[in-house]
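Close look at the chain arrangement
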There are 2 protein chains.
Amino acid sequence: MLFSLVSQTERIYSMLKEERQKYILDQVHLHHRVLLNDLSDSLNVSIDTVRRDVKELDAEKKLKKVHGGATSFGFMTFTKDDGNIYLKSKKISIAEKTVSLLSDGQVILMSGGTTNMEVAKLIPKKLVLTVFTPSLHVAMALLDHENVEVIFLGGKLLHDAKFAVGGTVVNALSQLRVDLCILGTGYLDAKFGLTEFDWEVIQVKQAMIRAAKKTIILTVSDKLHSVQKYKTCDMSAVHTLVTELDPSDPLLDSFRPFELVLV
Amino acid sequence: MLFSLVSQTERIYSMLKEERQKYILDQVHLHHRVLLNDLSDSLNVSIDTVRRDVKELDAEKKLKKVHGGATSFGFMTFTKDDGNIYLKSKKISIAEKTVSLLSDGQVILMSGGTTNMEVAKLIPKKLVLTVFTPSLHVAMALLDHENVEVIFLGGKLLHDAKFAVGGTVVNALSQLRVDLCILGTGYLDAKFGLTEFDWEVIQVKQAMIRAAKKTIILTVSDKLHSVQKYKTCDMSAVHTLVTELDPSDPLLDSFRPFELVLV
DNA sequence: CATTTTTTTGCAAGTATTTTCTAATTTCTA
DNA sequence: TAGAAATTAGAAAATACTTGCAAAAAAATG
């Protein structure tokens, strides 16, 4: 069983080389890996062309070429991504919607990722919150807010994601019962649920979901309908889905059968 | 007899070789031991392929191949660092002396403060360490080092110092027994010992000292012979004192009666 | 514009890598 | 020590990569 990871957006018009390479980079950063065949399909060019593009990008150290495809260097959620203004504005839009869901006195859990970073930055200065997080960056951003009590969920830190994982975190989470859990990254599909590519992160996220009364998923529409290696949870565990799209957007149709709030 | 541990995750799409190998490494690190058959099952590839992958990873020293499967193994590395001489600030001078006290494979505790930050930055890239810290900044700096395993001691974060304090930290520390504790800030006096002005920080530092076989104090000479409100420990609890001064400097005379190493 | 130059693209034949399979060992374990 | 399980090796099949080359597309030129 083979599933294409590349989003279904069809490219009709012919693309310039530069455009194409940017698309390839976007896909790599978004999905952390791409197959040359998928790229060839969605770009409507021969596999040779894609191969040449990837080879060039590899030479420029913008991605890592591997047999059959390409992968990104680590999962640099905090550096590479910010070059993409398009994605960033989507994320800010998501963050704004998310912040509007928060209210004074709540105790919440926040995972890492760029989207959650935007949420952390956008939290109103006067909002009183208690936030637990295993993400160094999110913790750092939250400490700017006088009225937010920040509790770091300690544990072994992942070098690239700057995120705590492991038994300590999961254990600490097992003793918590919070109002809200905000999961910032991940891939969402109606059938397969929430999936990720990092196994250790999955463990933490599962523990986060268990520790919260409600779970909010934040995701840019590009990551909808795509599936990764490991499964975090079913759609049924999700209470609210926040995307940059209008809640009535047809792209969200496949999620409507579930009992969840679309924002 | 070993049980099959791998299975919960459904294979959804075709994997690139590199991805597969990362998966194998994940599993090995998680379960400490994996069976080739289990891997073959969960990866949906022939046992030959898994065997070849494991063989390659073994050649790269990323895991140890054993009959029927693979196991993870502890660290094995070597180090050689060089020293350059140029104009340096007091803190950098202290940091350099401190780094020279470290050796491969040690498990250490580091507090916060700017001096400790310099230590974190100066740690040689090849040095293999496990570092526990309650300081966001130190953790961040340490994460630049591939060979340093960073474990954050989570807890309530102080907004200004970006330092975790409280019962969680003290509790976690009470279950540790490490080689070395490096305390980066504080005021030192022969008669009154190590003193601080933040009560919550004191609690954490005391727990750190208790958790370590040896305690190293780093302090610039300006902070010698001064006393603060709260006491962390007596001079007798200190094993090594690092300042920017020459060990024979008269300013250090009052500390000589104690059984401690001056660096 | 028309023409030349340069770049880009797709094709094809040959090469290399990866994966699977079979069968003959070797190693483990009861 | 016999039988089961794991390993090795060799070959075939599938997939991916390289290279050279010619056609097509862009860009530059007069």
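Residues numbered from 1 in each chain as written. Chains lettered and ligands numbered in written order. Predicted model: local features only at pLDDT ≥ 70, side-chain atom pairs only at ≥ 80, totals over all residues.

Considering the sheet that holds strand E11 (residues 193–196) of chain B
Residues and elements named next belong to chain B.
- One open sheet accounts for 3 strands, arranged E10-E11-E13; its pairing is antiparallel. Strands at the two margins of the open sheet, each flanked by one partner only, are strand E10 (187–189) and strand E13 (230–233). The average angle at which neighbouring strand axes cross in this sheet is 40°, direction not considered.
- Running at roughly 10° to E13, helix H8 (residues 199–211) makes contact with E11 and E13 of the sheet. (Pairing = 2+ DSSP bridges. Helix = DSSP H or I, 4+ residues; strand = E, 2+ residues; numbered from the N terminus. Axes fitted to C-alpha atoms, helices over the stretch in contact; angles between N-to-C directions. Contact = placed C-beta atoms within 7 Å.)

Some points on the confidence of the model for chain A
All names here are of chain A.
- Of all residues in chain A, 90% attain a pLDDT of 70 or more, and the chain-wide mean is 88.
- Confidence drops under a pLDDT of 50 for residues 1–12, and excluding neighbours within four residues, the segment shows 21 contacts in the predicted structure.
- The low-confidence segment residues 76–81, where pLDDT is below 50, has 10 contacts with residues more than four positions distant or belonging to other chains. (pLDDT = per-residue confidence, 0-100.)

Here we look at the protein's contact with DNA strand D
- Within the structure, DNA strand D sits among 13 residues, and His67 and Gly68 of chain A together with Leu36, His67 and Gly68 of chain B are positioned closest to it.
- Elements supplying a minimum of two residues to the surface near DNA strand D: helix H2 (36–43) and helix H3 (47–59) of chain A together with helix H2 (36–43) and helix H3 (47–59) of chain B.
- Residue classes in the surface near DNA strand D are distributed as 2 nonpolar, 7 polar and 4 charged. (Near = placed C-beta within 6 Å. Nonpolar A, V, L, I, M, F, W, Y, C, P; charged D, E, K, R; others polar.)

A short note on the environment of Leu183 of chain B
All names here are of chain B.
- When you line up the elements, Leu183 lands in strand E9 (residues 178–183).
- With 27 C-beta atoms counted inside 10 Å, the residue Leu183 sits in the buried group.
- Considered as a pair, Leu183 and Glu60 are 123 residues apart in the sequence and their alpha carbons are 37 Å apart.
- Non-local contacts of Leu183, meaning those with residues more than four positions away in its chain, are made with Ser111, Lys205, Thr215, Ile217 and Leu218. (Buried ≥ 20, exposed ≤ 12 C-beta atoms within 10 Å, placed from the backbone.)

Some thoughts on the pairing of strand E9 (residues 178–183) of chain A
All names here are of chain A.
- Taken together, the 3 bridges between strand E4 (residues 107–110) and E9 define a ladder with parallel strand orientation. Each residue of the ladder has a partner; that of Met110, found in E9, is Ile182.
- Relative to strand E12 (residues 212–218), E9 runs parallel, the two being bridged by 5 bridges. Within the sheet, the bridge partner assigned to Val178 lies in E12 and is Ala212.

Description of the nonpolar core
- Within the largest apolar cluster, 114 residues are counted, with the highest numbers of intra-cluster contacts made by Leu109, Cys181, Ile182 and Met208 of chain A together with Cys181 and Ile182 of chain B.
- When residues in this core are grouped by element, the largest group, 7 residues, is from helix H8 (residues 199–211) of chain A.
- Residues contacting Met208 of chain A, with those up to four places away along its chain left out, are Leu109, Ser111, Leu173, Cys181 and Leu183 of chain A.
- Counting residues in each nonpolar core, the second largest holds 13 residues, with Val28, Leu39, Val54 and Ala70 of chain B among its members. (Core = buried A, V, L, I, M, F, W, Y, C linked by C-beta atoms within 7 Å.)

Some words on the interface of chain B and chain A
- Each partner contributes to the interface: chain B provides 29 residues, whereas chain A provides 33 residues.
- Secondary structure elements with two or more residues in the side of chain B that touches chain A: helix H1 (17–31), helix H6 (136–142), strand E6 (148–152) and strand E7 (155–157) of chain B.
- The element best represented in the side of chain B that touches chain A is H1 of chain B, accounting for 6 residues.
- Partitioned by chemical class, the residues of the side of chain B that touches chain A number 16 nonpolar, 5 polar and 8 charged.
- With 2 bridges connecting them, strand E6 (residues 148–152) of chain A and E7 of chain B associate as antiparallel partners. Paired with Ile151 of chain A across the strands is Lys156 of chain B, a residue of E7 of chain B.

Looking at the packing of H2 of chain A against H3 of chain A
All names here are of chain A.
- Orientation of H2 relative to H3, taken along the N-to-C sense of each, is 115°, at an axis distance of 9 Å. Of the two possible hands of crossing, H2 and H3 adopt the one that is right-handed. Where H2 abuts H3, its residues Leu36, Asn37, Leu39, Ser40 and Leu43 lie against Ile47, Val50, Arg51 and Val54. (Left-handed = near helix turned anticlockwise from the far one by under 90°.)

Focus: the protein's contact with DNA strand C
- The environment of DNA strand C is formed by 13 residues, the closest being Ser46 and Thr49 of chain A together with Ser46, Asp48 and Thr49 of chain B.
- For the surface near DNA strand C, the elements supplying multiple residues, two or more each, are H3 of chain A together with H3 of chain B.
- Of the residues contributing to the surface near DNA strand C, the split by class is 3 nonpolar, 6 polar and 4 charged.

Quick look at the sheet that holds strand E10 (residues 187–189) of chain A
Residue and element names in this part refer to chain A.
- With respect to topology, 3 strands assemble into an open sheet ordered E10-E11-E13, the strand pairing being antiparallel. In this open sheet, the two strands that pair with only one neighbour each are E10 and strand E13 (230–233). Strand after strand, the sheet turns through a mean of 40° between neighbouring axes, direction not considered.
- Judged from the 3 bridges that link them, strand E11 (residues 193–196) and E13 form a sheet pairing that is antiparallel. Residue pairing in the sheet places Thr195 in a bridge with Lys231 of E13.
- In the packing of H8 onto the sheet, the strands contacted are E11 and E13, and the crossing angle to E13 comes to about 10°.

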